[in-house]
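Structure at a glance
Given next are the chains, with one letter for each unit.
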Amino acid sequence: MNQLYQDIGDGVVVRSYTLDDAPALYDLIDGNRDHLRPWMIWEKTTKSVDDTRMFIQSCLDAPVDIEGNGIWVDGALGGGIGLSIDTLSNSGEIGYWLAKLHEGRGIVTRACEWFFDIAFDELRLHRMELQAASGNVRSRAVAGRLGMYEEGVARDGIRVADGYLDSVQYGILEDEWRARRHAREA
Amino acid sequence: MRPDLHIELGGGAVLRPYTPADADALFGVIDANRVRLARWFHWVDDATDAASQTAYIESRVVDGRSLDGNGIWIGDDLAGGCDLMITGSDDVGELGFWLDEAFVGRGLVTRAAQALMARGYEREGLHRIQLRAGVENLRSRAVAKRLGMREEGVLRGAGKVGGGLYADLVIYGQVVDEWRKTV
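First, a word on scope: everything that follows refers to the structure included in this document. Sequence order sets the numbering: in each chain, residues are counted from 1 along the sequence as written. Whichever chain is written first is A, and whichever ligand is written first is 1; the rest continue in order. For a predicted model such as this one, the threshold for reporting local features is a pLDDT of at least 70, and the threshold for listing and counting side-chain atom pairs is 80 or more; totals across whole chains, interfaces and linings nevertheless cover every residue. Computation of side-chain values covers all heavy atoms of the structure but excludes hydrogens and water.

**As for the side chain of His-102 of chain A**
All names here are of chain A. Mapped onto the elements, His-102 comes out in the loop between strand E5 (91-98) and helix H5 (107-122). Under the scheme applied here, a residue whose accessible area is under 20% of the maximum for its type counts as buried, over 50% as exposed, and between as partly exposed, the area being computed with a 1.4 Å probe on protein chains only. In this structure His-102 comes out as buried when scored by relative accessible area, which is 10%. The contact definition used throughout considers only heavy atoms, calling two residues in contact when any of these lie within 4.5 Å. Each residue touching His-102, except ones within four places of it in the same chain, is listed here: Val-73, Gly-78 and Ile-107. Numbering of helices and strands starts at the N terminus; helices are DSSP runs of H or I of at least 4 residues and strands are runs of E of at least 2.

What follows is the structure, given as structure tokens:
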């Protein structure tokens, strides 16, 4: 897919990372270590700008997935969002994180909504999924705001720095997303 | 795929990876079970000739972590397939399997899955192994129970099956501590 760029309002832009973003990405992660560590295994393995550069390069090299995108808030990098695609089941999975400073503005929900539009309208996926650790109340609230259905709990399905967490499985189907969007716009 | 994988399953059955020379046998068994398998698996639609199976076999990545691309063999007869896919950074493996109708009911898939699970936990450091089976695929779901897995939810429309259709999948899971109690 081509490089993404979208102004999603309220001073927030979502766009694909370039290698030039590696220092800003590292600095943001480094400034949010305590905030990220409980949920994100990559907090621990991100030790230098070389690591964020390698991550961005791997995203740029990926033939299908759209994993490497930043969320810019008032001009500065504030978080990340990625879409991985399972071509075998024609489904996608969204993942995201946000710096503590920007919580509570609905930023992640709006970024996800834009990605779901791409997933269902442009990529013609049948289903979108989200996995959230059972204790990650904020992430689970995003799934609820997106109209996703809680479908199960994969026990110990998420690895984090100090063990494994139960993974709540959320899903939404193409027709459900369209109906929800139609209701919202009406 | 692991080219060196070779597991005796008892009763003369062996689990071993396909080689390109197996493409004719693989296509023959899929073709003979086409209608039955298409209820659960989209890849049946892609199995159009032996060459399609050569392409599948050659697409297995030899240096990956996954224990995939395996056939269940009884002598020269291919009875089915059983894989353990390992992707991502969560120490999670996912089982998948299918069987020729003529070999149903002998416990072949259960034994093949048990062998792959033991390798996954012991040698690959997996913490969890899961299986997703069509809600109506009662045989697969019975295997999950025999393997000691727990039903954890229903993923709606998560399985692409033959004919461009989608099926709800029951997700089953087991963590390594539970497995240790069963062996």
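**Considering the interface of chain B and chain A**
At the interface, 22 residues of chain B touch 23 residues of chain A. Summed over both sides, the interface of chain B with chain A buries roughly 1900 Å², with 42% coming from carbon and sulfur. What gets called buried area is simply the loss in accessible area from a 1.4 Å probe that two parts show on being joined, summed for both. Of all residues in chain B, Glu-152, Arg-156 and Tyr-166 of chain B give up the largest surface area on contact with chain A, accounting jointly for 32% of the area buried on that side. Any Lys or Arg side-chain nitrogen found within 4 Å of a carboxyl oxygen on Asp or Glu counts as a salt bridge. Seen at the junction of chain B and chain A, the total is five salt bridges. Put simply, Arg-156 of chain B and Glu-176 of chain A hold a salt bridge, and the shortest N to O gap is 2.5 Å.

**Notes on helix H1 (residues 23-32) of chain B**
Residue and element names in this part refer to chain B. Among the residues making up H1, those that are buried are Ala-23, Leu-26, Phe-27, Val-29 and Ile-30. Angularly, the buried residues of H1 cover 165 degrees about the axis, an arc narrow enough to put them on a single face. The outward face of H1, more than 90 degrees from its buried face, is lined by the exposed residues Asp-24 and Ala-32. For H1, the secondary structure elements touched by its buried residues are helix H2 (34-38), helix H3 (43-46), helix H4 (50-59), strand E4 (77-86) and strand E5 (92-99). Throughout, the arc means the angular range of directions from the helix axis out to the C-beta atoms.

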